[in-house]
Amino acid sequence: MEPGPGPEHGPGLGPAPPRWGPVACVLTGASRGFGRSLARLLAPRLGDGSVLLLLARSAAPLAELAAELRRGAAALRVECVAADLGTDEGLRRATRALRELLPAAPAARLLLINNAGSLGDVSKSFVDLSDPDEVNSYFAFNVTSALCLTSAALKAFGQRPGVGRTVVNVSSLCAVKPFKNWALYCGGKASRDMMFQVLWTRTCSSWPGLKPGTPRCGSTSRAFRRAGS
Ligand SMILES: NC(=O)c1ccc[n+]([C@@H]2O[C@H](COP(=O)([O-])OP(=O)(O)OC[C@H]3O[C@@H](n4cnc5c(N)ncnc54)[C@H](OP(=O)(O)O)[C@@H]3O)[C@@H](O)[C@H]2O)c1
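Presented here is a report on the structure given in the accompanying data block. Everything numeric here is computed off the predicted structure, so don't read it as measured data.

Structural notes on the site of the ligand
- In the vicinity of the ligand there are 23 residues, among which Phe34, Arg57, Ser58, Asn115 and Tyr185 approach most closely.
- At a separation of 2.8 Å, a nitrogen atom of the ligand approaches a polar side-chain atom of Asp84.
- Between the ligand and Lys189, the relevant distance is 2.8 Å, taken from an oxygen atom to a side-chain nitrogen or oxygen of the residue.
- When the free accessible area of the ligand is taken as 880 Å², the share hidden by the protein chains comes to 78%.
- Of all the cavities here, the one that holds the ligand is the largest pocket.

Have a look at this one:
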C-alpha cells in the first residue's frame, strides 16, 4: 500500500509517521494495556476511508478510546463492540460485527491484530488445575476465540485482487519456554502460535496476500512494524 503524508504532529513530537491507504483494522483487547496503546499508535497511520474495530469486554473504556480516536482523525471510522470473547454469545456478537463491517470496507489492506489475552490464575500450580470448567473457559477465550475471529474476519473481508491481509498474533516468550505455575498461559500461547503457523503455512498459497506476524515479548514493536508495514 502506498504511504501518504502523515497527520499533523505537535511541536517536539518528531516527524509524523507515514500513513497507509485505507485499512480495515480489527484489534482485540483494546480497552487497556498494550492494545489501547497500540490503537493510539495505529489510528494516525490509517488512511482516509479506514475502518477500525475495537474489541474488549469493558464498554466504557472502549467508547472513550473510540471517541478520542475519532476526534484525532475525522476520516477514520471507529467502531467498538463490548463482548466477552470467552463466551459463545460474546464471540457471536464480535463475529456479527465483523460480518457487518468488513465486506463493505473500502480497504487496501485487512489488518487483524489478535492481542487480547489473559494470564490465568498463576497462584495455582499444575496439580491445582483439575477443574475442567476453569481450563475450558481459559482456552475458550485465549485460543478458540482467536481462531474463530480470525477465520470469520478472513471470510468476511474476502479475497480481493491486489489487497493484502495481515494477521498478527500477539504472543509471548511463554509460547516457547515453560514457566513454573503458568501451565494455562504457556499452553494457550503455544497453542495459538502453532494455530497461526498452520494458517500461514497451509493457507498462504490459497489466500493470496496473507501476511503473517507473531510479535513476541521483547520484539513486539519491531515484529509488529514488520507485520503491519
Ligand atoms: N504484559 C506483558 O508483559 C506481556 C508480555 C508478553 C505478551 N503479552 C501479551 O500481550 C497481550 C496484551 O497484554 P496486556 O498486558 O496489554 O494485557 P491486559 O492489560 O491484561 O489487557 C488485556 C486486554 O484483553 C481484554 N480481555 C480480557 N479478557 C477478555 C475477554 N474475556 N473477552 C474480551 N476481551 C478480553 C481486556 O479488556 P477487558 O478486560 O475490558 O475485556 C484488555 O483489553 C496479551 O496477549 C498478552 O498475553 C503481554
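Digging into the pattern of salt bridges
- A full pass over the atoms with the stated rule returns seven salt bridges.
- Ionic pairing is found between Arg92 and Glu89, a salt bridge with its closest N-O pair at 3.8 Å. Here Arg92 pairs with Glu89, and both are found in helix α3 (residues 88-101), just three residues apart, close to one helical turn.
- According to the relative accessible area criterion, Glu89 is partly exposed, its value standing at 37%.

Digging into unusual backbone geometry
- A positive phi is found at Asn181, a non-glycine position, where the angle reads about 70°.
- Along the chain, Asn181 turns up in the loop between β5 (164-169) and α5 (183-203).

With respect to the nonpolar core
- If you look at the biggest cluster of nonpolar residues, it comprises 34 residues, and the most contacted ones within it are Leu53, Leu98 and Leu102.
- Put simply, the parts of the chain that give this core at least two residues each are β1 (23-28), β2 (51-56), α3, β4 (109-114), α4 (132-157) and α5.
- Ranked by residues supplied to this core, first place goes to α4 with nine residues.
- Not counting residues within four places of it along the chain, the set of residues in contact with Leu53 comprises Cys25, Val26, Leu27, Glu79, Cys80, Val81, Ala97, Leu98 and Leu101.
- If you look at the next biggest cluster of nonpolar residues, it comprises 24 residues, including Trp20, Leu42, Ala56 and Ala73.

So, the pairing of β5
- Burial within β5 is extensive, with six of its six residues counted as buried.
- The alternating pattern of β5 places Gly164, Thr166 and Val168 on one face and Arg165, Val167 and Asn169 on the opposite face, and all of these are buried.
- Across six bridges, β4 lies against β5 in parallel orientation. When the sheet's bridge partners are listed, Arg109 is paired in β5 with Gly164.

Observations concerning the pairing of β4
- Counting buried residues in β4 gives six out of six residues, a clear majority hidden from the surface.
- By the alternation rule, side chains of β4 split into Arg109, Leu111 and Ile113 and Leu110, Leu112 and Asn114, which are all buried.
- Judged from the five bridges that link them, β1 and β4 form a sheet pairing that is parallel. Considered in β4, the bridge of Cys25 is made with Leu111.
- Of the crossover connections in this fold, the one passing from β4 over α4 to the parallel β5 is right-handed.

Re the side chain of Asn114
- Structurally, Asn114 can be placed in strand β4.
- Classification of Asn114 as buried rests on a relative accessible area of 2%.
- Residues within four places of Asn114 in sequence aside, it is in contact with Thr28, Ala146, Thr150, Val167, Val168, Asn169, Val170, Arg192 and Phe196.

Cut-offs and rules
- Residues numbered from 1 in each chain as written.
- Predicted model: local features only at pLDDT ≥ 70, side-chain atom pairs only at ≥ 80, totals over all residues.
- Heavy atoms only, no water.
- Near = heavy atom within 4 Å.
- Polar contact = N/O pair within 3.5 Å; in protein donor to acceptor, adjacent residues only side chain to side chain.
- Areas by Shrake-Rupley, 256 points an atom, 1.4 Å probe, with all protein chains shown as cover.
- 1 Å grid on protein atoms, 1.4 Å probe; cavity = no way out; pocket = protein on both sides within 12 Å on 5 of 7 lines; lining within 4 Å.
- Sits in = over half its atoms within 2 Å of the grid points.
- Salt bridge = Lys/Arg side-chain N within 4 Å of Asp/Glu carboxyl O.
- Helix = DSSP H or I, 4+ residues; strand = E, 2+ residues; numbered from the N terminus.
- Buried < 20%, exposed > 50% of the residue type's maximum accessible area, 1.4 Å probe, protein only.
- Core = buried A, V, L, I, M, F, W, Y, C linked by side-chain atoms within 4.5 Å.
- Contact = heavy atoms within 4.5 Å.
- Pairing = 2+ DSSP bridges.
- Right-handed = clockwise from strand over helix to strand, strands pointing away.

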